[in-house]
Amino acid sequence: MKALTEIFGKLLEKIRGVDYIDEATLQELSREIQRTLLKADVPLDLVKSFTENAVKRIKEEKPPAGIPPREYLIYVLYEELVKLLGGEQPAEFKPTKKPYIVLLLGVEGSGKTTTAAKLAKYLAKRGYKVGLVETDTIRPAAFDQLRQLAEKIGVPFYGERDGKDAVEIAKRGVQNFKNMDVIIVDTAGRHRNEEALLKEVRAIYDAVSPDEVVLVIDATVGKMAAAQAEAFMKYLPIHSVIITKMDSTARGGGALAAVAKTGAKVKFIGVGEDVDEFEQFSPRKFVARVLGM
Amino acid sequence: TLSEKDVDALTSDLYIDLVESDVAVEVADAVVEELRKRLVGIKVPRFGDKNAVIKKAVFEALMGVIDDVPDVDFYQDSKRLLNETRPVVVMFLGPNGYGKTTTLAKLAFNLQEMGFRVVAAAADTFRAGAREQLEEHGKRVGFKVISGPYGADPASVAYDALQHAKARGYHFVLIDTAGRMHTDANLMEELRKIQRVTEPHYSIFVFDAQLGNEALEIAKYYSKYVKIDGMIATKVDAYPKGGSILTFIYVLKRPVYFLGVGQTYRDLVKFSKQEYIGQLLA
Ligand SMILES: Nc1nc2c(ncn2[C@@H]2O[C@H](COP(=O)(O)OP(=O)(O)OP(=O)(O)O)[C@@H](O)[C@H]2O)c(=O)[nH]1
Ligand SMILES: Nc1nc2c(ncn2[C@@H]2O[C@H](COP(=O)(O)OP(=O)(O)OP(=O)(O)O)[C@@H](O)[C@H]2O)c(=O)[nH]1
Ligand SMILES: [K+]
Ligand SMILES: [Mg+2]
Ligand SMILES: [Mg+2]
């Protein structure tokens, strides 16, 4: 509890000065928390269910001895949010077979191609043989982008410069790297209203049977993060999430809602454009950020 | 007339709608406060179509809140400018991946359709594939691209393009810049330098319509470092309501010239406050 008290210090300071929680204080406190969460891009329905749940729990459960009720309320909220992310334990990225095929999925410009290279470098550093495949036939020079990144990190690359059929490129890319430990397949950006592209990524999924589908989410996106995840899930399963652009000041409630929707685990965050600006996801740190601490 | 109590109920519903549509919380606060003033005392019929009257009042009040930012027709405006000066310099700037390069290519396509000659500067000398991306657009649309090697000073690439355009009588110079996070002070300084060297007539801030509350932070930081003349929202095809559009208009007080509504060259449409506010309230 000591460490938590430290994390929540700032918020707690604000609400210090009331000794016990009466109904009115509880109301005011929960309003303040709601506003904090709204500013963090957490959708209203989640905001409401979180604060209601936290208030209910604090009324039912007696805070442990020595813990002020206010502090306990924040702790409860923190717990709920961490639970939503699948617990405090960071989720590991663990290739469980060979080759382990990873498919990256996401909205235009969310950071997939950059993330493909970051993940490849992360794995190569840990001794895995990794191949990178570019299947984006829509964005001009997507081929050059990933090829240049692959060269920079010293990982083999497969792509077809003037390719037209993403599904066929994906198949050939995976075939080409069948002796690797991990194959990372990058895809073109697409969104919830682009039906033909959603069907295309389903076809890629069917063609290469990925072991892990990773949704790449831009931390600066608001409500659309969850809406996009929901649309994607109608076409293919989502196993894990990587949140990019965490070097912004965005608090990540949009991504949080998307994670809640998918039930997937977040594995990494991107904290800059460089291939090394990539970190393992820490639920604790992330929740503290969402709560504005 | 609408009583204070009616207005309270109305604005509190509206507040929730705005926040749920990603208008930044602080902007929603301010907007609703202004709306409140505009709505109190408005006459509504006791019977009949009360809702329609209220709806119209809310629409007009919201339009009133962004009254000081006119719709600007970029084509007309820049054509007028072409009578006085040539080339017209247009710079694209904004955070990573929001659509600058694609939007530049769309604008180049449209300007060329109107008969103008366009040269582009590949002043993103940083991101992998950035140069090839712009050059490929140039090939497809048929505009000239001036590039430098990766790692070159972006301001000097932009300056070269400007000289090239002057020498050969091009109408427009479109400068593509690298995406950058507002939190990176060095990169923001670099952007300021490109602006100082090329003195663009139009510095266009490009943003993703799907942005949430971070739009407010981005607006604050960007306007601290660079001059912004107008804006373009992209990926509106994914999110026509996109509340970040209101956030940016309200905070930056700059017109939105266009909306990006898809990935083809024709997917650049003129922005209209009226249509947008209609979408937002729909
Ligand atoms: N600041 C910052 N920029 C990032 C991060 N991840 C990616 N980017 C940048 O975001 C922009 C878009 O990244 P891409 O990797 O091209 O995104 P994408 O999802 O592949 O884009 P499409 O293929 O067009 O859909 C580039 O400028 C990247 O350098 C990050 O964690 N932080
Ligand atoms: N659906 C849709 N996609 C768009 C739109 N505008 C841009 N895109 C896509 O968004 C992605 C990123 O666009 P870019 O033009 O590369 O973005 P950028 O701002 O130049 O990115 P950086 O230079 O890396 O910062 C590409 O896949 C584009 O096709 C739009 O209006 N609608
Ligand atoms: K960039
Ligand atoms: Mg890509
Ligand atoms: Mg670009």
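Residues numbered from 1 in each chain as written. Chains lettered and ligands numbered in written order. Predicted model: local features only at pLDDT ≥ 70, side-chain atom pairs only at ≥ 80, totals over all residues. Heavy atoms only, no water.

Asks: Just give me the short version of the pairing of strand β5 (residues 212-218) of chain A, but keep the residues and values in it.
Replies: All names here are of chain A. With 7 of its 7 residues buried, β5 lies for the most part within the structure. Residue alternation in β5 divides its side chains into two sets, Glu 212, Val 214, Val 216 and Asp 218 and Val 213, Leu 215 and Ile 217, and both sets are buried. When strand β1 (residues 100-106) meets β5, the two strands line up parallel, connected through 5 bridges. Looking at β5, one finds that Leu 105 is bridged to Leu 215. Across 5 bridges, the pairing between β5 and strand β6 (residues 240-244) is parallel. Residue pairing for β6: Asp 218 is matched across the bridge by Thr 244. Handedness of the crossover joining β5 and β6 through helix α10 (residues 224-233) is recorded here as right-handed. (Buried < 20%, exposed > 50% of the residue type's maximum accessible area, 1.4 Å probe, protein only. Helix = DSSP H or I, 4+ residues; strand = E, 2+ residues; numbered from the N terminus. Pairing = 2+ DSSP bridges. Right-handed = clockwise from strand over helix to strand, strands pointing away.)

Asks: Explain the sheet that holds β6(A) residue by residue, including any values.
Replies: All names here are of chain A. In space, the 8 strands of this open sheet follow the order β3-β2-β4-β1-β5-β6-β7-β8, with mixed pairing throughout. Here the strands that pair on one side only, and so sit at the sheet edges, are β3 (157-158) and β8 (278-280). Judged from the 4 bridges that link them, β6 and strand β7 (residues 265-270) form a sheet pairing that is parallel. When the sheet's bridge partners are listed, Val 241 is paired in β7 with Val 266. Along the sheet, helix α11 (residues 253-262) makes contact with β5, β6 and β7, crossing β6 at roughly 175°. (Contact = heavy atoms within 4.5 Å. Axes fitted to C-alpha atoms, helices over the stretch in contact; angles between N-to-C directions.)

Asks: With reference to specific residues and values, describe the nonpolar core.
Replies: Grouped together as the largest cluster of nonpolar side chains are 147 residues, with contacts concentrated most on Ile243(A), Ile245(B) and Phe248(B). Of all the elements, helix α5 (residues 69-84) of chain A adds the most residues to this core, at 9 residues. Not counting residues up to four positions away in its chain, the partners in contact with Phe248(B) are Phe205(B), Phe207(B), Leu211(B), Ala215(B), Ile218(B), Ala219(B), Met231(B) and Lys253(B). Counting residues in each nonpolar core, the second largest holds 31 residues, with Phe74(B), Leu107(B), Leu134(B) and Phe172(B) among its members. (Core = buried A, V, L, I, M, F, W, Y, C linked by side-chain atoms within 4.5 Å.)

Asks: How would you summarise the site of ligand 2 if you had to cite specific residues and measurements?
Replies: In the vicinity of ligand 2 there are 24 residues, among which Lys100(B), Thr101(B), Thr102(B), Arg127(B) and Gln263(B) approach most closely. Those residues lying near ligand 2 are distributed over chains A and B. Between ligand 2 and Thr102(B) there is a distance of 2.5 Å, counted from an oxygen atom to a side-chain nitrogen or oxygen. Side-chain polar atom of Lys106(B) to an oxygen atom of ligand 2: 3.4 Å apart, as the coordinates give it. Against a free-state accessible area of 660 Å², the protein chains account for coverage of 96% of ligand 2. Counting residues per element, the shell around ligand 2 draws most heavily on helix α5 (residues 100-113) of chain B, which supplies 4 residues. A class-by-class count of the residues in the shell around ligand 2 yields 2 nonpolar, 13 polar and 9 charged. (Near = heavy atom within 4 Å. Polar contact = N/O pair within 3.5 Å; in protein donor to acceptor, adjacent residues only side chain to side chain. Areas by Shrake-Rupley, 256 points an atom, 1.4 Å probe, with all protein chains shown as cover. Nonpolar A, V, L, I, M, F, W, Y, C, P; charged D, E, K, R; others polar.)

Asks: Residues and numbers for the pattern of salt bridges, please.
Replies: Using the criterion set out here, one finds 40 salt bridges over all chains in the structure. A salt bridge links Lys227(B) to Asp229(B); its shortest N-O distance comes to 2.9 Å. Using a relative accessible area of 41% as the deciding quantity, one classes Lys227(B) as partly exposed. Overlapping salt bridges bring together Arg57(A), Glu79(A), Glu80(A) and Lys83(A) as one network. (Salt bridge = Lys/Arg side-chain N within 4 Å of Asp/Glu carboxyl O.)

Asks: Provide a residue-level description of the pairing of strand β6 (residues 230-234) of chain B, including the pertinent values.
Replies: Residue and element names in this part refer to chain B. Within β6, 5 of the 5 residues are buried, which leaves it mostly tucked inside the rest of the structure. Residues Gly 230, Ile 232 and Thr 234 point to one face of β6 and Met 231 and Ala 233 to the other, with burial holding for every one of them. By the bridge criterion, 5 bridges tie strand β5 (residues 202-208) to β6 in an arrangement that is parallel. Across the sheet, the residue bridging to Ile 204 is Gly 230, located in β6. On the question of chirality, the crossover connecting β5 to the parallel β6 by way of helix α9 (residues 214-225) is right-handed.

Asks: Just give me the short version of the site of ligand 1, but keep the residues and values in it.
Replies: The environment of ligand 1 is made up of 24 residues, and the closest members are Lys112(A), Thr113(A), Thr114(A), Arg139(A) and Asp247(A). Chains contributing residues near ligand 1 are chains A and B. Take Gly272(A): an N or O atom from its main chain is 3.3 Å from an oxygen atom of ligand 1. For ligand 1, whose free accessible area comes to 650 Å², the fraction covered by protein is 96%. Looking at side-chain class alone, the shell around ligand 1 contains 3 nonpolar, 12 polar and 9 charged residues.

Asks: Please give an account of the interface of chain A and chain B that cites residues and values.
Replies: Of the residues lining the interface, 36 residues belong to chain A; the matching set on chain B comes to 36 residues. Counting the surface lost from both chain A and chain B, the interface buries some 3,100 Å², and carbon and sulfur atoms represent 51% of this. Ranking the residues of chain A by area buried against chain B places Pro140(A), Lys223(A) and Glu273(A) at the top, with a combined share of 19%. Linking chain A to chain B there are 3 salt bridges. Viewed at the interface, chain B and chain A are joined by 25 residue pairs in polar contact (both at pLDDT 80 or more). Contributing elements (two or more residues each) for the side of chain A that touches chain B: α3 (23-39), α7 (142-153) and α10 of chain A. Sort the elements by how many residues they give to the side of chain A that touches chain B and α7(A) lands first, with 4 residues. (Buried area = accessible area lost by both parts, 1.4 Å probe.)

Asks: Now, about the confidence of the model for chain B: what can you tell me, with residues and values included?
Replies: Averaged over every residue, the pLDDT of chain B is 95; the share at 70 or more is 100%. ipTM for the predicted complex: 0.97, alongside a pTM of 0.96. (pLDDT = per-residue confidence, 0-100.)

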